[in-house]
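Below are the chains, spelled out letter by letter.
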Amino acid sequence: MGEAAKVVRPARTVWLARAAIGCGLAAVLVLAAGAGLRGALVVAVGVVALALMAVGGWWALSRRGPLRWLGVLLAVAAPAAAVALYVGAGTWPWVLGAVALWAAGLWLARTALRSARRTREMPEREVDAPRRPVLIMNPKSGGGKVEKFHLAERARELGAQVVLLDPDAHQDVVELAERAVADGADLLGVAGGDGTQALVAQVAARHGLPFLVVSAGTRNHFALDLGLDRTDPARCLDALTDGVELRVDLGEVAGRAFVNNVSFGTYAEIVQNPEYRDAKAATILAMLPDLLVGYAGARLSAEAGGERLEHPQAVLVSNNPYDAGDLLDPGRRSRMDRGRLGVLGVRVDGAAQAADLALRGTSAEAVTVLVGREVLVTADVPSIPVAVDGEALELDVPVRCVIRPGALRVRVPRDRPGTVAPAPALKWSRLAHLASGRTEENGGAR
């Protein structure tokens, strides 16, 4: 039996952690020195203001009529009143300095934790350029990115056949992809939203063909997690001539593929509303009170990895778990080849839990995190609304989600921005350990 390997932290990580703790301590000292005996009052005012903002925000989302407007007023007035008190007491420069130091400390802490996190990129495989690539492009996707970035012209210059969808007619993209395969396509690609990406990806996986993602959608979550350039979709086309291949998992819900996630409960109910596409904010505000207070939707249950989640307001099942530990970092998957589904269940029962969720994200008490190769969602009704990569569906209960490990061969450019390692949830005990510079045991050799 060998000894456990010692992991020595880089000096940069150690000093980032020390600087983060130093900023936090300095914030406390600045506040104490500037406010003197009034320091406790300053802190109390800040805590009360945050609490009132949380209550106001909860009322604004979960109530209608006068109580909603009172919530909006409270959420705005509470911090304004705190600032006015600080200015009147002459403590505002010290408070501002303490807040600046604390914010710097949080940034340094997240940077230290991110640099200490050991993540490996998905393995790449060398491949030959395709001979008969076919790309399906949606001109309306992403506000017209296909035309704005001249994607069709660029793809044709690189030897690809382009199938432009008709914005004024419904077309079955699965049928178009199957026809392309029948005609000899050796690569399928999509310039469009994640929902369209998933449909064509399922065809590519079924026939064992490589799949190319062009980030021409609105949010491009799949492209983000593949490390592609979302600001210039034309760079994704470089994969046609100088590309490498990634083996990526593919999720399936009731036999339909998804590349990102499947939503049940609150979000799925909202997406199902026909007015959502044209008036997202108004539809959300109109429906949230019924979905948050005395939840009016189906009573859901979810089971994954031998654990059960009872009556959540919302369930998110993702193709591989998200890495984000809080809401300050966008949800990302640094790896999509782990062969597991991630499950996030949310139940918010009041203003305190809503504030906790806003501050701590997936670490909040209102959130349950599960992992498994299969997720079974049941309800007290025969069918439930489901949002599959943002597309609204109605599926019979029970709904079964599974993961197909390595089912998708994704062709990406060799030269691409790459993925960003997300920061783990902020834990000061972990930060203190990094600041100490002590080595860690990293398993043993057998």
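Residues numbered from 1 in each chain as written. Predicted model: local features only at pLDDT ≥ 70, side-chain atom pairs only at ≥ 80, totals over all residues. Heavy atoms only, no water.

J.: Describe the packing of helix α7 (residues 173-182) against helix α8 (residues 194-207), with residues and values.
T.: Two elements in contact, α7 and α8, have axes whose closest approach is 9 Å; the angle formed by their N-to-C orientations is 35°. Both α7 and α8 take part in a crossing whose hand is right-handed. Facing V173, V174, A177, E178 and V181 of α7, the residues of α8 in contact are T196, L199, V200, V203, R206 and H207. The residue makeup of the contact of α7 with α8, split by class, is seven nonpolar, two polar and two charged. (Axes fitted to C-alpha atoms, helices over the stretch in contact; angles between N-to-C directions. Helix = DSSP H or I, 4+ residues; strand = E, 2+ residues; numbered from the N terminus. Left-handed = near helix turned anticlockwise from the far one by under 90°. Contact = heavy atoms within 4.5 Å. Nonpolar A, V, L, I, M, F, W, Y, C, P; charged D, E, K, R; others polar.)

J.: An account of α8 is needed here, citing residue identities and associated values.
T.: In this model, α8 (14 residues) spans 20 Å end to end at C-alpha, consistent with the 20 Å of a helix rising 1.5 Å per residue. For α8, the buried fraction is high: twelve of the 14 residues fall into the buried class. Downstream of α8 by one or two residues, G208 has phi in the positive range, about 70°. (Expected span 1.5 Å × (residues − 1). Buried < 20%, exposed > 50% of the residue type's maximum accessible area, 1.4 Å probe, protein only.)

J.: Explain the packing of aromatic side chains to me, using residue names and the numbers behind them.
T.: All told, the structure shown has zero aromatic pairs when counted by the stated rule. R18 extends its terminal NZ or CZ atom over the ring of W15, reaching a point 4.6 Å from the ring centre. (Phe/Tyr/Trp six-rings, centres within 6.5 Å; stacked < 30°, edge-to-face > 60°. Lys NZ or Arg CZ within 6 Å of the ring centre and 35° of its normal.)

J.: Explain unusual backbone geometry to me, using residue names and the numbers behind them.
T.: Residue P398 is bonded to the preceding V397 through a cis peptide linkage, with omega at 0°. Of note in this structure, A254 is not a glycine but carries a positive phi near 50°. With respect to the helices and strands, the residue A254 is situated in the loop between β7 (243-253) and β8 (256-258). Exposure remark for A254: the relative accessible area of 54% places this residue in the exposed category. Located in the positive-phi region is D389, a residue other than glycine, with phi close to 50°. Within the secondary structure layout, D389 lies in the loop between β16 (383-388) and β17 (391-396).

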